[in-house]
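# Topology and contacts: notes
Chain residues, written in single-letter form:
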Amino acid sequence: MTRLDPTDVPRRGLRGAWWVALVVGAFFVVVAVMQIGEVLKSRRHETIGDGKDPTTYGFDLASLTLPRTYLAAAMPKDNLEPLAMPALITPGEVDSLNRAERGKYLVGEDLVIGVLIGGAARAYPV
């Protein structure tokens, strides 16, 4: 019977898997470069409605009958957050707001949209 020398036994380890680590590293580098490219590309686009120049809002002003000096850019486009849950006020609160320093908050001639759902009626100013 021949005895095996422990130095003759092939080692099982990670020495042969260096190429797997190389492929995984290259994959992550490619993904990172693609992501950085997308961020840089998105920063190159001009903001629609910059809040300074009315012509940047993308509207066709060719048929405008007023002088363009009458146009004013109020704020950047889409700068307002949507009203998801607006505060509700009662008719009595509307009357007190009308009497307050704010002037007329909501009067009888104002246009509103009326909604009746499940017996609850609401009016939203247009």
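Residues numbered from 1 in each chain as written. Predicted model: local features only at pLDDT ≥ 70, side-chain atom pairs only at ≥ 80, totals over all residues. Heavy atoms only, no water.

## With respect to the overall build of the chain
Helix and strand counts for the chain come out as two helices and two strands. If you list the helices and strands of the chain from N to C, you get α-α-β-β. Residues classed as buried in the chain amount to 6% of the 126 residues present. Pairs at least 24 residues apart make up 13% of the contacts formed inside the chain by residues separated by at least 6 positions. Element-wise, carbon and sulfur atoms account for 62% of the exposed surface of the chain, whose accessible area totals about 12,100 Å². (Helix = DSSP H or I, 4+ residues; strand = E, 2+ residues; numbered from the N terminus. Buried < 20%, exposed > 50% of the residue type's maximum accessible area, 1.4 Å probe, protein only. Contact = heavy atoms within 4.5 Å. Areas by Shrake-Rupley, 256 points an atom, 1.4 Å probe, with all protein chains shown as cover.)

## Focus on helix H2 (residues 91-99)
Those residues of H2 that fall on the buried side of the exposure criterion are Val-94, Leu-97 and Asn-98. An end-on view of H2 places all buried positions within 100 degrees of arc, on one side of the element. (Arc of directions from axis to C-beta.)

## Brief notes about the pairing of strand S2 (residues 120-125)
Alignment of strand S1 (residues 112-117) against S2, held across six bridges, turns out to be antiparallel. Along S2, the bridge assignment pairs Val-115 with Arg-122. Where S1 folds back on S2, the antiparallel hairpin that results is connected by two residues, among which Gly-118 adopts a positive phi of roughly 60 degrees. (Pairing = 2+ DSSP bridges.)

## Focus: the environment of Ala-72
Along the chain, Ala-72 falls in the loop between helix H1 (18-44) and H2. On the basis of relative accessible area, Ala-72 is assigned to the exposed category, the value being 69%. It is 8.6 Å that separates the C-alpha atoms of Ala-72 and Gly-51, two residues lying 21 residues apart in sequence.

## Examining the packing of aromatic side chains
Summed over the entire model, instances satisfying the criterion amount to one aromatic pair. Each ring, one from Phe-27 and one from Phe-28, has its centre 5.6 Å from the other, and the planes form 70 degrees; the classification is edge-to-face. For Phe-27, a relative accessible area of 52% puts it in the exposed group. (Phe/Tyr/Trp six-rings, centres within 6.5 Å; stacked < 30°, edge-to-face > 60°.)

## As for the confidence of the model for the chain
Here the chain shows a mean pLDDT of 78. Residues at 70 or above account for 77%. No element of the chain has a lower mean pLDDT than H2, at 81, and none a higher one than S1, at 90. (pLDDT = per-residue confidence, 0-100.)

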